[in-house]
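An overview of the molecular structure
The residues making up each chain are set out below.
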Amino acid sequence: MKRLPIAAALAALLLAGAALAESGTVIRATPLKQQPFLDAGTVAQLPASSVIDIVARKGAWMQVKTRDNHTGWVKLLNVRTGGASGGGGLGTVGRVLSTGSSGTTVTTGVKGLSAEQIENAKPNYAELDKMNQYRASTQSAAANARSAGLKAESVNNIAYPRGNSGGQANDPQSQRRGG
(Lines give C-alpha, C1' and ligand atoms only; values in the text may rest on other atoms or scores of the structure.)
Protein backbone atom coordinates (compact mmCIF):
# COMPACT_ATOMS: atom_id res chain seq x y z
CA MET A 1 0.00 0.00 0.00
CA LYS A 2 2.85 2.41 0.76
CA ARG A 3 4.31 1.91 -2.72
CA LEU A 4 1.37 3.57 -4.47
CA PRO A 5 1.83 7.02 -2.80
CA ILE A 6 5.59 6.88 -3.43
CA ALA A 7 5.06 5.96 -7.09
CA ALA A 8 2.48 8.73 -7.47
CA ALA A 9 4.82 11.28 -5.87
CA LEU A 10 7.69 10.20 -8.15
CA ALA A 11 5.45 10.41 -11.22
CA ALA A 12 4.29 13.89 -10.22
CA LEU A 13 7.89 14.99 -9.69
CA LEU A 14 8.89 13.65 -13.11
CA LEU A 15 5.97 15.43 -14.76
CA ALA A 16 6.91 18.65 -12.98
CA GLY A 17 10.46 18.23 -14.25
CA ALA A 18 9.24 17.72 -17.79
CA ALA A 19 7.15 20.88 -17.53
CA LEU A 20 10.24 22.81 -16.42
CA ALA A 21 12.25 22.37 -19.61
CA GLU A 22 15.87 23.43 -19.45
CA SER A 23 16.21 27.02 -20.49
CA GLY A 24 19.07 28.97 -21.93
CA THR A 25 20.21 32.25 -23.39
CA VAL A 26 21.66 32.82 -26.84
CA ILE A 27 25.21 34.13 -26.36
CA ARG A 28 25.61 35.69 -29.82
CA ALA A 29 23.26 36.32 -32.75
CA THR A 30 22.69 32.98 -34.46
CA PRO A 31 20.41 31.45 -37.09
CA LEU A 32 17.62 29.12 -35.96
CA LYS A 33 17.87 26.19 -38.39
CA GLN A 34 15.12 23.79 -39.55
CA GLN A 35 17.44 20.79 -39.05
CA PRO A 36 20.72 20.27 -37.12
CA PHE A 37 22.90 21.03 -40.16
CA LEU A 38 24.78 24.16 -41.22
CA ASP A 39 23.24 24.06 -44.69
CA ALA A 40 19.64 23.58 -43.45
CA GLY A 41 17.06 26.28 -44.05
CA THR A 42 16.86 29.13 -41.54
CA VAL A 43 13.62 29.52 -39.56
CA ALA A 44 14.57 32.82 -37.91
CA GLN A 45 17.56 34.85 -36.80
CA LEU A 46 17.96 34.86 -33.00
CA PRO A 47 19.54 37.99 -31.55
CA ALA A 48 22.04 37.77 -28.71
CA SER A 49 20.43 37.46 -25.25
CA SER A 50 17.33 35.68 -26.64
CA VAL A 51 15.79 33.39 -24.02
CA ILE A 52 15.07 29.88 -25.29
CA ASP A 53 13.78 26.55 -23.99
CA ILE A 54 15.95 23.55 -24.85
CA VAL A 55 13.83 20.71 -26.21
CA ALA A 56 16.52 18.18 -27.22
CA ARG A 57 20.21 17.78 -27.93
CA LYS A 58 21.86 16.08 -30.89
CA GLY A 59 25.63 16.15 -31.20
CA ALA A 60 26.77 19.77 -31.47
CA TRP A 61 23.19 21.03 -31.81
CA MET A 62 20.28 21.91 -29.51
CA GLN A 63 16.66 21.84 -30.58
CA VAL A 64 15.08 24.92 -29.03
CA LYS A 65 11.78 26.75 -28.77
CA THR A 66 11.78 30.53 -28.67
CA ARG A 67 9.46 32.71 -26.60
CA ASP A 68 7.56 33.58 -29.82
CA ASN A 69 6.97 29.83 -30.49
CA HIS A 70 9.56 29.28 -33.23
CA THR A 71 11.16 25.83 -33.00
CA GLY A 72 14.46 24.90 -34.60
CA TRP A 73 18.11 24.01 -34.06
CA VAL A 74 21.07 26.12 -32.90
CA LYS A 75 24.73 25.25 -32.35
CA LEU A 76 25.20 24.41 -28.67
CA LEU A 77 28.25 26.66 -28.36
CA ASN A 78 25.94 29.63 -29.02
CA VAL A 79 23.84 28.88 -25.93
CA ARG A 80 24.41 29.43 -22.21
CA THR A 81 22.20 27.05 -20.29
CA GLY A 82 20.28 27.76 -17.09
CA GLY A 83 19.91 31.49 -17.57
CA ALA A 84 16.17 32.01 -17.90
CA SER A 85 14.38 30.15 -15.12
CA GLY A 86 17.24 29.40 -12.69
CA GLY A 87 16.71 29.90 -9.02
CA GLY A 88 17.22 26.37 -7.73
CA GLY A 89 14.75 24.53 -5.54
CA LEU A 90 12.12 22.24 -7.05
CA GLY A 91 12.80 23.62 -10.55
CA THR A 92 16.41 22.44 -10.36
CA VAL A 93 15.33 19.02 -9.05
CA GLY A 94 12.83 18.77 -11.91
CA ARG A 95 15.49 19.65 -14.50
CA VAL A 96 17.91 17.10 -13.04
CA LEU A 97 15.25 14.39 -13.17
CA SER A 98 14.04 15.23 -16.68
CA THR A 99 17.28 16.21 -18.44
CA GLY A 100 20.10 14.97 -16.21
CA SER A 101 21.35 18.54 -15.83
CA SER A 102 20.77 21.19 -13.19
CA GLY A 103 21.03 23.79 -15.94
CA THR A 104 23.84 25.66 -14.18
CA THR A 105 26.76 24.55 -16.34
CA VAL A 106 27.80 25.55 -19.83
CA THR A 107 28.59 22.79 -22.28
CA THR A 108 31.67 23.64 -24.30
CA GLY A 109 32.40 20.41 -26.12
CA VAL A 110 30.87 17.65 -28.15
CA LYS A 111 31.13 13.97 -27.38
CA GLY A 112 32.76 11.78 -29.97
CA LEU A 113 31.30 8.89 -31.87
CA SER A 114 29.76 6.00 -29.97
CA ALA A 115 31.16 2.48 -30.27
CA GLU A 116 28.04 1.50 -32.23
CA GLN A 117 28.51 4.38 -34.69
CA ILE A 118 32.14 3.39 -35.24
CA GLU A 119 31.24 -0.29 -35.72
CA ASN A 120 28.53 0.58 -38.24
CA ALA A 121 30.56 3.18 -40.14
CA LYS A 122 30.72 2.65 -43.88
CA PRO A 123 32.90 4.52 -46.38
CA ASN A 124 31.15 6.99 -48.65
CA TYR A 125 32.75 6.23 -52.01
CA ALA A 126 30.85 9.03 -53.78
CA GLU A 127 32.44 11.59 -51.44
CA LEU A 128 35.85 9.99 -51.93
CA ASP A 129 35.41 10.32 -55.69
CA LYS A 130 34.55 14.00 -55.21
CA MET A 131 37.69 14.52 -53.13
CA ASN A 132 39.81 12.77 -55.75
CA GLN A 133 38.70 15.41 -58.28
CA TYR A 134 40.74 17.95 -56.28
CA ARG A 135 43.87 15.78 -56.13
CA ALA A 136 46.94 17.29 -57.73
CA SER A 137 48.99 15.13 -60.07
CA THR A 138 52.60 14.35 -59.18
CA GLN A 139 53.76 16.56 -62.10
CA SER A 140 51.55 19.47 -61.03
CA ALA A 141 52.70 19.23 -57.41
CA ALA A 142 56.35 19.16 -58.52
CA ALA A 143 55.82 22.20 -60.79
CA ASN A 144 54.15 24.15 -57.97
CA ALA A 145 56.96 23.25 -55.56
CA ARG A 146 59.61 24.40 -58.06
CA SER A 147 57.78 27.69 -58.68
CA ALA A 148 57.74 28.28 -54.90
CA GLY A 149 61.48 27.63 -54.67
CA LEU A 150 61.09 24.32 -52.82
CA LYS A 151 63.37 21.36 -53.43
CA ALA A 152 63.00 17.65 -52.76
CA GLU A 153 64.58 16.28 -49.62
CA SER A 154 65.02 12.63 -48.69
CA VAL A 155 63.45 11.56 -45.38
CA ASN A 156 63.99 8.20 -43.72
CA ASN A 157 60.95 6.00 -43.20
CA ILE A 158 59.52 5.71 -39.71
CA ALA A 159 60.35 2.36 -38.13
CA TYR A 160 57.22 0.49 -37.02
CA PRO A 161 57.38 -2.09 -34.23
CA ARG A 162 57.21 -5.58 -35.65
CA GLY A 163 55.25 -8.38 -33.99
CA ASN A 164 56.02 -12.10 -33.90
CA SER A 165 54.08 -12.68 -37.14
CA GLY A 166 56.86 -11.42 -39.37
CA GLY A 167 56.00 -7.75 -38.87
CA GLN A 168 53.49 -7.24 -41.65
CA ALA A 169 50.46 -6.83 -39.37
CA ASN A 170 51.76 -3.53 -37.92
CA ASP A 171 53.24 -2.13 -41.11
CA PRO A 172 50.81 0.36 -42.72
CA GLN A 173 52.76 0.27 -46.00
CA SER A 174 52.36 -3.48 -46.35
CA GLN A 175 48.67 -3.20 -45.39
CA ARG A 176 48.14 -0.72 -48.23
CA ARG A 177 49.91 -3.07 -50.63
CA GLY A 178 47.64 -5.88 -49.45
CA GLY A 179 50.25 -7.93 -47.76
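What to know about the nonpolar core
Within the largest apolar cluster, eleven residues are counted, these being V26, L32, A44, L46, I52, I54, M62, V64, V74, L76 and V79. Among the secondary structure elements, those contributing two or more residues to this core are β3 (42-46), β4 (51-58) and β5 (61-66).

Here's the deal with the pattern of salt bridges
By the definition in use, this model includes three salt bridges. Across the pair R57 and E22 runs a salt bridge whose closest N-O atoms are separated by 2.8 Å. Of this pair, R57 sits in strand β4 while E22 is found in the loop between α1 (3-19) and β1 (23-26), placing the two residues 35 residues apart along the sequence. Looking at R57, the relative accessible area reads 40%, which means it is partly exposed. Note that R67 and D53 form a salt bridge whose closest N and O atoms lie 2.9 Å from each other. Of the two residues, R67 sits in the loop between β5 and β6 (71-75) while D53 sits in strand β4, which places them 14 residues apart along the sequence. By relative accessible area, which is 23% here, D53 ends up partly exposed.

Here is what the cut-offs are and how they apply
- Residues numbered from 1 in each chain as written.
- Predicted model: local features only at pLDDT ≥ 70, side-chain atom pairs only at ≥ 80, totals over all residues.
- Heavy atoms only, no water.
- Core = buried A, V, L, I, M, F, W, Y, C linked by side-chain atoms within 4.5 Å.
- Buried < 20%, exposed > 50% of the residue type's maximum accessible area, 1.4 Å probe, protein only.
- Helix = DSSP H or I, 4+ residues; strand = E, 2+ residues; numbered from the N terminus.
- Salt bridge = Lys/Arg side-chain N within 4 Å of Asp/Glu carboxyl O.

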